[in-house]
There are 2 protein chains.
Amino acid sequence: MVAQSGGPTCVINASVAGVVHEAGKHMDQIEEIYGGRNGILGILNEELIDLYEEKQSSIEDLKHTPGAALGTCRYKIDFKGNPEAAAKDMDRLFRVFEAHNIRYFFYAGGNDSQDTAHKVHLEAEKRGYDLRVIGVPKTIDNDLPHTDHTPGYGSVVKYNATTVMEVATDIASMATDAGACVIIEVMGRAAGWIAAGTVLAQQNCEAGSPHMILLPEIAFDQEKFLEKLKSIIDEKKFAVIVVGEGLKDAKGKEVAADATKVDSFGHAVLSGAADYLKDIVEEKLGTKTRTVKLGYAQRAAAHFASGTDVEEAFACGVSAVKAAIGGKSGYMVTLKRTNADTEPYAWTTGHQPLGDIANVENLIPREWITPDGFLPNEKFINYAKPLIEGELNVPMVNGLPRFAELSRVAIDKQLPARGSAEDVAAPAPAPAPAAAPEAPATDAEGAAEQPA
Amino acid sequence: MVAQSGGPTCVINASVAGVVHEAGKHMDQIEEIYGGRNGILGILNEELIDLYEEKQSSIEDLKHTPGAALGTCRYKIDFKGNPEAAAKDMDRLFRVFEAHNIRYFFYAGGNDSQDTAHKVHLEAEKRGYDLRVIGVPKTIDNDLPHTDHTPGYGSVVKYNATTVMEVATDIASMATDAGACVIIEVMGRAAGWIAAGTVLAQQNCEAGSPHMILLPEIAFDQEKFLEKLKSIIDEKKFAVIVVGEGLKDAKGKEVAADATKVDSFGHAVLSGAADYLKDIVEEKLGTKTRTVKLGYAQRAAAHFASGTDVEEAFACGVSAVKAAIGGKSGYMVTLKRTNADTEPYAWTTGHQPLGDIANVENLIPREWITPDGFLPNEKFINYAKPLIEGELNVPMVNGLPRFAELSRVAIDKQLPARGSAEDVAAPAPAPAPAAAPEAPATDAEGAAEQPA
């Protein structure tokens, strides 16, 4: 079983393709290849699809398809907040596993999802249920520890850096004495990897942009910021600023935090670091300022994904299956740079215990940022540069990309509905061979079903 | 002389390439090919560059380079507001033309710029100065009359529709019972052509998005909007909404207008139609809502320009020169569809008197929009579909696009500085042959100089 969790990246489906591809080579040990719909939530609801029934061309198409093709969720098995519900969830999860004889579980996701994978691994050990759990790294945020970088990161940097180049070329051509400023807001809550990556635009950009990158790792100092910005506009007549959405003040408070809203993980909902800065710039410097907020567009930009990133994401899926077939459980696949500090870039995959990963956030080292804190330096550039290399040949239809269309053949449910009286009461059924697929999934079948 | 004005598109440089390409075929009648820096403002400041000195490969690179390679401006010769200054500007302009023996003037721009071109044409007639003025259409807004569409429109639609597909595929995969909504804000003040174009995403998009498109042409009715949105989320668990920045209420007031700010043309500065709607959706429906604001990124997205658009933009430049060489003045090049309502798409160029163009805004016909006003219909789709066809082979370096780098060899100035005592006093010099280029432009030379 493979499932996806958390916010999608434009290469998370490439990892699923890697899992399916490699699993297909081991059909002597693997009977069926199932996908869990909408991550752990869909699995709890016993919403499984038969990935072995998908066309090979559809699996290949996954390499350039954004979103999470199996569906994703932000559902958390809430051990801390609600141990009783969590124990119930775990119990249900293993009944689903048993009902469908799931013996390999591959979970693609970021920090929270690796934490879930770790807990499932520990629970399997506790129960003596033979299950091999391997986490597949996924996050545009690049904040997982023990891996050189994460699948998804290279693509978001390639797209965002290109956007910075394009916007900079546009605004540079409008620059007159009046001065002009553009602020581009990119994702990244705690870690500024995404924002920092846009520094790569400088190398190809006549306009020499971005001129400043505001990272969540560096406390925002309004006075220093305005001083630096003024000197840039005085010299160039325009400025291009990139800001990570999670920019914080000296007290660690996110400058654009909306204190009234939190997401299902208890994180504050952010809105508008760029708009926050725009108001400051227009008020204090009187410079006309426009904002760009890429939002979900940046993590879904499959039309301009990094070829390197797609290749690595696929390899992580392959490596996960190989590790599980080889007997490993409780690990996350990692990416390792095999020739750091030398050209050309070379990499391989490795494995790290899930216990070392969960909920550890990997931030940009301070020595990779210039002393004034306003730009990443050569060390960062050398690190990030190879990750955006290579382009895909995305198939086009009617002038637009063609994405994968999965048939998503549903697996017959073996259990009573989750949370029903029977579900609670029923003893876990004995392991049974997986049922043959019969009908495609329909909206009526489940809460977390993805609409066609 | 060719110059660019107004907000750039990602194909406005293709039109310049067309002008330079065609002018090069007529060097028996044309001595030199000059570019005016930063539109009419740079010409007034006598900031001219020698485009005949550019490498052919650089001119070719213009076809995939965003921004305005010659620089642009929003400067207006203000006949209404300040006739005295306007008369002074016109006088200076014709002294610059005479000093450099400018006899052909090609001005690429939108409504305001065509108005300027028209006035220059009339002034030349009044003065008996032999000048042929041809406007080259340019605007992502697609709101120029008497042309089937405008260069720049196809590319912004291709990029925006792709973004909608990608964001929709992303959010669809996260859709669970809680519901989710994304609002994507696109450009378009009076006309909703850009917003409407994203309907093309539906044809390629498993997620069937966008589900609603809010056009400036249709008065925003909050109650109807929420009713429709609720039914979409109830059915699909998610919704993708596109909104044109100039969305208006029943009284014609822009919903997101910031009354405290106006641009140099007196238009109100808009900020946040998407954020305005997000607040309504979250408050009234309680649905988690995220926004994307593409801003300048959409008009600068050369990495994903429409091949058809680039070809047409280039052809408009070619046609402008042909018309002028043929003796025409006071016209704008138009694009004509030669086989409306039939496949395959075919087009040619035409010419329309500038007097018919200036300050007329072409809106979407009401019969191209569904009765409820929330989506464009088949008539619009048939119109827009061919305009996004075709892709460019943008050269890539280090994983990022490579844009044109012009050498921008400056033409020696023949006149005293604009506004200086000598400028006002000096009689217009007799026409002189253009000076040989000597030094590249530097920042010190002029206010509107584009930083390197």
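A quick note: this is a predicted structure, and the numbers were derived from the prediction, not measured.

1. Some remarks on the overall build of chain A
Within chain A one finds 14 helices and 15 strands. Relative to its length of 452 residues, chain A is compact, with a C-alpha radius of gyration of 23 Å against a globular reference of 22 Å. Scored against the burial criterion, the 452 residues of chain A give a buried share of 57%.

2. Some thoughts on unusual backbone geometry
Residues and elements named next belong to chain A. Here the residue pair Ser209 and Pro210 is connected by a cis peptide bond, since its omega of 0 degrees sits within 30 degrees of zero. Within the fold, Pro210 resides in the loop between α8 (201-204) and β7 (212-214). Located in the positive-phi region is Arg408, a residue other than glycine, with phi close to 50 degrees. With respect to the secondary-structure elements, Arg408 resides in the loop between β15 (400-401) and α14 (421-425).

3. As for the environment of A:Arg132
Residues and elements named next belong to chain A. Inspection of the secondary structure puts Arg132 in strand β5 (residues 132-137). On the basis of neighbour count, Arg132 is assigned to the buried category, with 21 C-beta atoms found within 10 Å. With residues near it in sequence (within four places) discarded, Arg132 still touches Arg103, Tyr104, Ala324, Lys328 and Ser329.

4. Digging into the interface of chain A and chain B
Each partner contributes residues to the interface: chain A has 68 residues there, and chain B has 68 residues. Elements with a contribution of two residues or more to the side of chain A that touches chain B: α6 (153-172), α8, β11 (288-293), α11 (296-299), β14 (396-397) and β15 of chain A.

5. Here we look at the relation of the copies chain A and chain B
Note on the copies: chain A fits chain B at an RMSD of 0.0 Å, the axial shift is 0.0 Å, and the rotation between them is 180 degrees. Overall, the copies show the geometry of a two-fold rotation axis. Taking C-alpha positions as reference, the residue of chain A nearest the rotation axis is A:Lys293, located at 2.4 Å. Looking at the interface residues of chain A, 100% of them are also at the interface in chain B, so both copies use one shared face.

6. Some thoughts on the packing of helix α1 (residues 12-23) of chain B against helix α12 (residues 307-325) of chain B
Residue and element names in this part refer to chain B. Here α1 crosses α12 at 40 degrees, and the two axes come no closer than 7 Å. Overall, the two elements α1 and α12 adopt an arrangement that is oblique. The interaxial crossing formed by α1 with α12 has right-handed handedness. Contact with α1, carried on its side by Ala14, Ser15, Val16, Ala17, Gly18, Val19, His21, Glu22 and Ala23, involves Val310, Ala313, Phe314, Ala315, Cys316, Gly317, Val318, Ala320, Val321 and Lys322 of α12 and no other residues of that element. The residue makeup of the contact of α1 with α12, split by class, is 13 nonpolar, 4 polar and 2 charged.

7. Looking at the nonpolar core
Among the nonpolar cores identified, the biggest contains 280 residues, and A:Val167 and B:Val167 are the most heavily contacted of them. Contacts of A:Val167, omitting those with residues within four sequence positions, involve A:Val182, A:Ile184, A:Val240, A:Val292, B:Tyr296, B:Ala297 and B:Ala300.

8. Here's the deal with the domain arrangement of chain A
Residue and element names in this part refer to chain A. Domain annotation of chain A identifies domain 1 (2-139 + 304-360 + 393-445) and domain 2 (153-302 + 366-388). The straight-line distance from the C-alpha centre of domain 1 to that of domain 2 is 34 Å. Contact with domain 1, which involves 20 residues of that partner, is made by 15 residues of domain 2. Counted by class, the side of domain 1 that touches domain 2 contains 9 nonpolar, 7 polar and 4 charged residues.

9. With respect to the pairing of strand β4 (residues 104-109) of chain B
Residues and elements named next belong to chain B. Across the 6 residues that make up β4, a large majority, 6, are buried. Here β4 shows no split at all, with Tyr104, Phe106 and Ala108 on one side and Phe105, Tyr107 and Gly109 on the other all buried. Relative to β4, strand β1 (residues 2-4) runs parallel, the two being bridged by 3 bridges. Within β4, the position partnered with Val2 by the bridge is Phe106. Here β4 pairs with strand β5 (residues 132-137) via 6 bridges, running parallel. Residue pairing in the sheet places Tyr107 in a bridge with Gly135 of β5. In terms of handedness, the path from β4 via helix α5 (residues 111-127) over to β5 forms a crossover that is right-handed.

10. What about helix α1 (residues 12-23) of chain A?
Residue and element names in this part refer to chain A. Compared with an ideal rise of 1.5 Å per residue, which puts 12 residues at 16 Å, α1 spans 17 Å between its outermost C-alpha atoms and is within 8% of the ideal. Where burial is concerned, most of α1 is hidden: 11 out of the 12 residues are buried. On its buried face, α1 sits against β1 (2-4), α3 (56-61), β4 (104-109), β5 and α12 (307-325).

11. So, the sheet that holds strand β12 (residues 331-337) of chain A
Residue and element names in this part refer to chain A. Strands sit in the order β3-β2-β1-β4-β5-β12-β13 across an open sheet of 7 strands; the sheet is mixed. Of all the strands in the sheet, the pair left with one neighbour each is β3 (48-50) and β13 (347-353). Sheet twist, expressed as the average angle between the axes of neighbouring strands with direction ignored, equals 30 degrees. Of the strands in this sheet, β4, β5 and β12 touch helix α5 (residues 111-127), which is tilted by about 160 degrees from β4. Docked against the sheet, α12 engages β4, β5, β12 and β13, running at close to 165 degrees with respect to β5.

12. Focus: α12(B)
Note that an α-helix has 3.6 residues per turn; residues three or four places apart therefore point the same way. The end-to-end C-alpha separation of α12(B) is 27 Å, in line with the 27 Å expected for 19 residues at 1.5 Å each. Buried residues dominate α12(B), accounting for 15 of its 19 residues.

13. Concerning the environment of B:Glu22
All names here are of chain B. Topologically, Glu22 is positioned in helix α1. Note: C-alpha distance between Glu22 and Gly317 (295 residues apart in sequence) is 7.8 Å. Discounting chain neighbours no more than four positions away, the residues touching Glu22 are Gly317, Val318, Val321 and Lys322.

14. Things to note about the confidence of the model for chain A
Should the pLDDT be low somewhere, the predicted coordinates at that spot are not to be read in detail. All names here are of chain A. Across chain A, the average pLDDT comes to 90, with 90% of residues at 70 or higher. Scored below 50 in pLDDT, residues 434-452 makes 51 contacts in the model with residues more than four places away or belonging to other chains. Listed scores for the predicted complex are pTM 0.91 and ipTM 0.91.

About the criteria used
- Residues numbered from 1 in each chain as written.
- Chains lettered and ligands numbered in written order.
- Predicted model: local features only at pLDDT ≥ 70, side-chain atom pairs only at ≥ 80, totals over all residues.
- Helix = DSSP H or I, 4+ residues; strand = E, 2+ residues; numbered from the N terminus.
- Rg over C-alpha atoms; globule rule 2.2 N^0.38 Å.
- Buried ≥ 20, exposed ≤ 12 C-beta atoms within 10 Å, placed from the backbone.
- Contact = placed C-beta atoms within 7 Å.
- Least-squares fit on C-alpha atoms with pLDDT ≥ 70 in both.
- Axes fitted to C-alpha atoms, helices over the stretch in contact; angles between N-to-C directions.
- Parallel < 35°, antiparallel > 145°, perpendicular 65-115°, else oblique.
- Left-handed = near helix turned anticlockwise from the far one by under 90°.
- Nonpolar A, V, L, I, M, F, W, Y, C, P; charged D, E, K, R; others polar.
- Core = buried A, V, L, I, M, F, W, Y, C linked by C-beta atoms within 7 Å.
- Domains from an automatic or database assignment.
- Pairing = 2+ DSSP bridges.
- Right-handed = clockwise from strand over helix to strand, strands pointing away.
- Expected span 1.5 Å × (residues − 1).
- pLDDT = per-residue confidence, 0-100.

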